[in-house]
Amino acid sequence: HVPHFHNEPDTDASPRTLTLEELWHLDGEATERIGNVVKAVTGPDGTIYLLDRGYGQVHVLPPDGASLHSWNCRGEGPGEASQPRDLVMLPDGNLGIVDRFPGKIVKVAPDGTPAGVIRPGDDPDDELGFVGFYQAACRGGNLVVLRFNTLERPDEQDRIMALVGYRQDGGQAAVYQRQEYRWRYDRLVIRELQEDWVWDRWAVDRNGMVLVPAGRNGFEVNIYHPDGRLARVFSRDVPPVVRTKQRRREIVEQSEARFRRQLRYDLEYVAEDCEPGIRSIRTADDGTIWILGASGILDQPAGVIMTWDVFDGNGVFLHQAAFAGTGDPRTDLFFFTGDRTLLQIVVPEETGEAVIRHHAVRASG
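Residues numbered from 1 in each chain as written. Predicted model: local features only at pLDDT ≥ 70, side-chain atom pairs only at ≥ 80, totals over all residues. Heavy atoms only, no water.

Draft legend 1. Structural context of the sheet that holds strand 17 (residues 210-213). A sheet is described by the order of its strands in space; here five strands give the open sequence 1-19-18-17-16, paired in mixed fashion. Either end of the sheet is taken by a strand with one partner, and the two such strands are strand 1 (4-7) and strand 16 (203-204). Relative to strand 17, strand 16 runs antiparallel, the two sharing two bridges. Its bridge partner lying in strand 17, Val204 is registered against Val210. (Pairing = 2+ DSSP bridges. Helix = DSSP H or I, 4+ residues; strand = E, 2+ residues; numbered from the N terminus.)

Draft legend 2. Layout of a negative patch on the surface. Where like charges cluster on the molecular surface, the negative patch consists of Asp27, Glu29, Glu32 and Glu353. By relative accessible area, which is 49% here, Glu32 ends up partly exposed. (Patch = residues over 30% accessible without salt bridge, like charges linked within 9 Å, V, L, I, M, F, W, Y side chains within 5 Å. Areas by Shrake-Rupley, 256 points an atom, 1.4 Å probe, with all protein chains shown as cover. Salt bridge = Lys/Arg side-chain N within 4 Å of Asp/Glu carboxyl O. Lys, Arg positive; Asp, Glu negative; His and termini not counted. Charge placed at Lys NZ, Arg CZ, Asp CG, Glu CD. Buried < 20%, exposed > 50% of the residue type's maximum accessible area, 1.4 Å probe, protein only.)

Draft legend 3. The packing of aromatic side chains, seen in detail. As enumerated under the stated definition, the model contains 13 aromatic pairs in all. Arranged with centres 6.3 Å apart and planes meeting at 35°, the rings of Phe219 and Phe311 form a pair that is tilted. You can see Phe219 sitting in the loop between strand 17 and strand 18 (220-224) and its partner Phe311 sitting in strand 23 (residues 304-311), a full 92 residues away along the chain. Exposure remark for Phe219: the relative accessible area of 8% places this residue in the buried category. Phe311 gets classed as buried once you look at its relative accessible area, which sits at 0%. Aromatic side chains Phe234 and Phe311 sit 5.0 Å apart centroid to centroid with 50° between the ring planes, which places their arrangement in the tilted category. (Phe/Tyr/Trp six-rings, centres within 6.5 Å; stacked < 30°, edge-to-face > 60°.)

Draft legend 4. Main features of helix 2 (residues 245-262). If you check helix 2, its first and last C-alpha atoms are 26 Å apart, about what 18 residues at 1.5 Å a residue would give, namely 26 Å. Among the residues of helix 2, those classed as buried are Ile251, Val252, Ser255, Glu256 and Phe259. Projected down its long axis, helix 2 carries its buried residues within an arc of 125°, all on one side. Residues of helix 2 that are exposed and angled more than 90 degrees away from the buried face: Gln254 and Arg261. The elements touched by buried residues of helix 2 are strand 14 (172-184), strand 15 (188-191), helix 1 (192-195) and strand 20 (267-270). (Expected span 1.5 Å × (residues − 1). Arc of directions from axis to C-beta. Contact = heavy atoms within 4.5 Å.)

Set out below in structure tokens:
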């Protein structure tokens, strides 16, 4: 029997305020080499590493932000990835650059020196030809990868997405969630419910447990043991964020245009009526679970950037945490660099030059 804990609505408690206090920032000449940053991870000594997919580089920032230097990570040579997608800190102290295709993790030392490759092995889905790696996380010794497989036929394509645990030798250790479906090119219908799977909405905690939303539209989370066994499920009553007709139409138009650039077939994109119930999951070093719901970034009070729901390690709701400061989570990038520090990357439209701000997170009152 798998325990399932449902949190009843808590209408009385007010969110606890966490104030962002800037520790340092970089802009102008220091950030002119920064393009499309997609991930930030922190090393054991506090060094911050940024993966810049636009320029194919890893940018390195010391804890005090006093300087910025970079190395190239895109290419075909040792320590390089042909299509860098994500960045992960590995148990041996090396960085892992997630290569989209062919799916693998390129290991580099903190100074950028090549340190080997983790290639997937003994996975039954590998017979489906194309194997892509998209995201990775590693905590508690558990390396977890979100991978993607496709098998192309003349008139259809099989597509499999899976969240998989790997050993350091690349052998498969566990499968936490898996989704399989088929595109039929003679009547190609692409559904957001399938395509918008658990991207950016999963986490690994300090003990190697894996947390994944049970579905796209609700507020329910599955917690898996590292070996793949379902340990616990928890949920909370949260009203869905219903999209306006204009918002839904914009998503359909943008998605159809994007897929038509990739495919040579006519297609129809079917968007959901609601935003994803869960936008992000993070697990803190103290064992708490933090979840950013769709409502946590929309219509926030003045001076509040975003509001997270905080749970204990068993999924029991504790309180909400409202981050007070300046920024917009719909356009700015926010990366937790520790339980009490947060990195913000802002790209002003008028200049196009990134501004990096590192904040301490202070509890108010």
